[in-house]
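Okay, here's what each chain looks like letter by letter:
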Amino acid sequence: MHTQIEFPENVFLIDIAYLNFVIADLKGYFEKALGRSLKKIDVAELMILFALDAGLEENRPDQEVQVIWIYDKENDQLRECMPSGLRDELDGVGFSDQLGEFRFATVSPEGMVSREDLYEDMLRILSEADSVRKLVLIGFEEVYKEELYSDNAGKSGKRFVNFVMSQRSEKRNVCSETLAYPLMQALGIRGEEL
């Protein structure tokens, strides 16, 4: 018996190892450059910033956003963020905002496959899910780019938003956004400081 998992129209797929790596890199650089400590990132604020940059419609309280955190035993915390515990603080919770309702789910390979393979599998599942219209991706692009830029990407009117550190040109229905901008804002870096 084949069971289809139902997802909302908007899904974020986030590789915690990648997000932790980029946050630590940015925070280390800017604390030295600015000569001050940066604040911890509020997870809800960061999700709103990602959603706005990804082009989610505002003032839609009925809009649902599923955030799927992919993690492994080396990356079971969202470092430099509040809350940070994936299993005990972020799994199965969420929040509501003018952009809609955000729901968090954490998924770990638990030693069955690698974190990268799990991310690719989830990307494939979400790409094929009829209900998903916008898929927001934050992860090691060089690992999963083949799946992302395959002929399946963007079928059935899906829109992929890929947050990257280096700008990439649009291809099919895959749009690139700069990951550093929402992270810098969430860390409390002001424009006039740059």
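The present account deals with the structure reproduced in this document. Sequence order sets the numbering: in each chain, residues are counted from 1 along the sequence as written. In view of the model being predicted, local features appear only for residues whose pLDDT reaches at least 70, and side-chain atom pairs are presented and counted only at 80 or more, with totals across whole chains, interfaces and linings using the full set of residues. Side-chain measures here rest on the full set of heavy atoms in the structure, leaving out hydrogens and waters.

1. Examining the side chain of Arg115
Note the cut-off: Helix and strand definitions follow DSSP, with helices as H or I runs of at least four residues and strands as E runs of at least two, each counted in order from the N terminus. Relative accessibility thresholds used throughout: buried, under 20% of the residue-type maximum; exposed, over 50%; partly exposed, between the two (1.4 Å probe, protein chains only). N or O atoms closer than or at 3.5 Å make up a polar contact, with two conditions inside protein: a donor-capable atom paired with an acceptor-capable one, and, for residues adjacent in sequence, both atoms drawn from side chains. Pairs of residues are marked as contacts when any of their non-hydrogen atoms sit within 4.5 Å.
Residue position: Arg115 is located in helix α4 (residues 115–128). Here Arg115 falls in the buried class, since its relative accessible area comes to 10%. Of the polar contacts made by the side chain of Arg115, one reaches the side chain of Asp15; its length is 2.8 Å. Within the structure, Arg115 has its side chain in polar contact with the side chain of Asp72 (distance 2.8 Å). The contacts of Arg115, once residues within four sequence positions are left out, are Asp15, Ala17, Ile70, Tyr71, Asp72, Asn75, Pro109 and Phe140.

2. A word on the sheet that holds strand β1 (residues 10–15)
Convention followed: Pairing between strands requires that DSSP locate at least two bridges from one strand to the other. Between the N-to-C directions of two axes lies an angle of 0 to 180 degrees, each axis being a line fitted to C-alpha atoms and, for a helix, fitted only over the stretch in contact.
Read across the sheet, 7 strands follow the order β5-β6-β3-β1-β7-β8-β9 without closing on themselves; strand pairing throughout is mixed. Of all strands in the sheet, those with a lone pairing partner are β5 (94–97) and β9 (174–178), marking the two edges. Averaged over all pairs of adjacent strands, the angle between their axes in this sheet comes to 20°, without regard to strand direction. Running at roughly 170° to β1, α4 makes contact with β1, β3 (64–70), β6 (100–107), β7 (134–138) and β8 (159–164) of the sheet.

3. Quick look at the pairing of β8
Counted residue by residue, β8 has 5 buried out of 6 residues, so it is predominantly covered. Pairing analysis gives 5 bridges linking β7 to β8, with the strands arranged parallel. When the sheet's bridge partners are listed, Ile138 is paired in β8 with Phe163. In this structure, β8 lies alongside β9, joined through 5 bridges in parallel fashion. Paired with Phe160 across the bridge in β9 is Val174.

4. Considering the nonpolar core
As a reminder of what qualifies: For our purposes a nonpolar core is just a set of buried Ala, Val, Leu, Ile, Met, Phe, Trp, Tyr and Cys residues, chained together by side-chain atoms within 4.5 Å.
By size, the foremost hydrophobic cluster in this structure holds 45 residues, and its most contacted members are Phe12, Met47, Phe50, Trp69, Phe102 and Leu183. If sequence neighbours within four positions are ignored, Phe102 has contacts with Phe12, Met47, Ala51, Val65, Val67, Val93, Gly94 and Phe95.

5. Details of the pairing of β6
Strand direction decides the pairing type here: β3 and β6, joined by 7 bridges, are parallel. In the strand pairing of β6, Ile70 is matched with Val107. Bridging between β5 and β6 involves 4 bridges; their strand directions are antiparallel. Paired with Asp97 across the bridge in β6 is Gly100. Two successive antiparallel strands, β5 and β6, enclose a turn made up of 2 residues.

6. Some remarks on helix α2 (residues 43–53)
All of the buried residues in α2 are Val43, Leu46, Met47, Ile48, Leu49, Phe50 and Ala51. The opening residue of α2 is Asp42, an N-cap whose side-chain oxygen sits 3.2 Å from the backbone nitrogen of Ala44. Two residues or fewer after α2 comes Gly55, characterised by a positive phi angle close to 85°.

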